[in-house]
Amino acid sequence: MFQEAFKYYKARNPPPSLDNVIDLCSSGLDHRLKIISPNTTRDDQYAGLIPTKQWHIYELVDRPGLILIANPFTKCAQRHWMARSILDYPKHPNRTNLPETIIDKYGSYSNDDREHFDWWSVAQSIEDSAERAKLWKALRWTTLGYHYDWTNKVYDEAARSEFPPDLAELCRHFAESLGFHCFRPEAAIVNYYPTGSTLAGHTDHSEKNLEAPLFSFSFGQPAIFLIGGPSRDEKPDALLLRSGDVIVMTRESRLCYHAVPKVFPCRESSLQRWAEPEGEDAAGLATEEVPPVANASIRSEYHRNRYWRSTGNGFADYISNSRININIRQVLNEGENHL
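Residues numbered from 1 in each chain as written. Predicted model: local features only at pLDDT ≥ 70, side-chain atom pairs only at ≥ 80, totals over all residues. Heavy atoms only, no water.

## Observations regarding the overall build of the protein chain
Here is the rule we go by: Helix and strand assignments follow DSSP, with helices taken as H or I runs no shorter than four residues and strands as E runs no shorter than two, numbered in order from the N terminus. Residue contacts are defined here by distance: any two heavy atoms, one from each residue, within 4.5 Å place the two residues in contact. Working definition of accessibility: Shrake-Rupley area with a 1.4 Å probe, residue cover restricted to the visible protein chains.
In terms of regular secondary structure, the protein chain is built from nine helices and 14 strands. Of the contacts formed within the protein chain by residues at least 6 apart in sequence, a portion of 77% connects residues at least 24 apart. Summing over all exposed atoms, the protein chain offers an accessible surface of approximately 15800 Å²; the carbon and sulfur share of this is 48%.

## A look at the pairing of strand S7 (residues 187-194)
Formally: Burial classes follow relative accessibility: with a 1.4 Å probe on protein chains only, a residue under 20% of its type's maximum area counts as buried, one over 50% as exposed, and anything between as partly exposed. Between any two strands, at least two bridges found by DSSP are needed for them to pair.
For S7, the buried fraction is high: eight of the eight residues fall into the buried class. Burial of S7 is two-sided: the residues Ala187, Ile189, Asn191 and Tyr193 facing one way and the residues Ala188, Val190, Tyr192 and Pro194 facing the other way are all buried. With five bridges joining them, strand S6 (residues 141-145) and S7 adopt antiparallel strand pairing. Note on S7: the bridge partner recorded for threonine 142 is valine 190. One ladder, built from eight bridges, connects S7 with strand S14 (residues 322-329); its direction is antiparallel. Across the sheet, residue asparagine 191 finds its bridge partner in S14, namely asparagine 325.

## Some remarks on the side chain of glutamate 186
If you trace the backbone, glutamate 186 turns up in the loop between helix H6 (165-177) and S7. With residues near it in sequence (within four places) discarded, glutamate 186 still touches Leu144, Gly145, Tyr146, Phe163, Arg329, Gln330, Val331 and Leu332.

## Considering the pattern of salt bridges
For side chains of opposite charge, pairing can occur when their charged atoms come near one another. Which entries qualify depends on this criterion: Salt bridges, as used here, are contacts in which a Lys or Arg side-chain nitrogen is within 4 Å of a carboxyl oxygen on Asp or Glu.
This model, assessed by the stated rule, comprises 17 salt bridges. We note a salt bridge from arginine 63 to glutamate 234, for which the minimum N-O separation is 3.0 Å. In this pair, arginine 63 is assigned in the loop between strand S3 (56-60) and strand S4 (66-70) and glutamate 234 in the loop between strand S10 (223-227) and strand S11 (237-241), connecting sequence segments 171 residues apart. On the basis of relative accessibility, which here comes to 9%, the residue arginine 63 falls in the buried class. According to the relative accessible area criterion, glutamate 234 is partly exposed, its value standing at 31%. Two residues, aspartate 245 and arginine 273, come together in a salt bridge whose shortest N-O distance is 3.1 Å. You can see aspartate 245 sitting in the loop between S11 and strand S12 (246-249) and its partner arginine 273 sitting in the loop between strand S13 (258-263) and helix H7 (280-286), a full 28 residues away along the chain. Judged by relative accessible area, aspartate 245 falls into the buried class, the value being 3%. By relative accessible area, arginine 273 is classed as buried at 17%.

That is the geometry; function is a separate question.
Below is the structure:
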């Protein structure tokens, strides 16, 4: 039944009906959701997020442990994390799916230099828009911290780099706000979805610590997310995820089958939550607090500079046909420092 639902929502002609899809933006509370309260005993103000006490947090009734947070990010913060994912995360020492054939096509690299391939800079240098779009679509994932071995489905202590401190701090804030006080961000997979792409049904069971929550941040174009049970025989629930929405998989939901059968473009500017407003609204954005980063001088680079201008090869152009998903996990058990 999981595969039947996947095929239904993946279909293009005719396109699927969204009438039975859980939408966090609907005017009324869906009967399949229940409201849960955040932990606001600590300082709940974090740069780039609305105050924790204002978050809209839900749990899926039929999938205990699956927590949904309706977009707690500010506009600047959304652009910040998109920019980090586009400009920084695909760089060495992080690992990507880009094959040597792609890297060699766009430059002369020795075996030692291939790992320093700068995907975004190379794409910006390509004048032909169709060729540039091909390179944009070629990047499908990058890994941070513990680098996941996709062939053997394991982590390896020898394949580990520093986890980005700003992303770790963001994740710890979410964890604390939901009552997970011992969570340690140790591995992340950043997925890049061109519109029209999919992610097949799977479970996330490679981490040693399956009690720790898994955090998933969505940015850019909307997607249908399916969450089923521990068997493919169960009919899944369908969720509509928009930019800024957060999924937290805890307890038994961590071992449930899930998938992304559809990523589709949102052409309505009012629904592009990351878009910089114009006129009077833009004045408030200029003073909006942005997420902390290791190098404070790059903050304006990520939010308001040339990268976001519609020049045909900037961040706004890339994200107009893409979805970015950052999912963060704790690999080790409490008290452990290595595999």
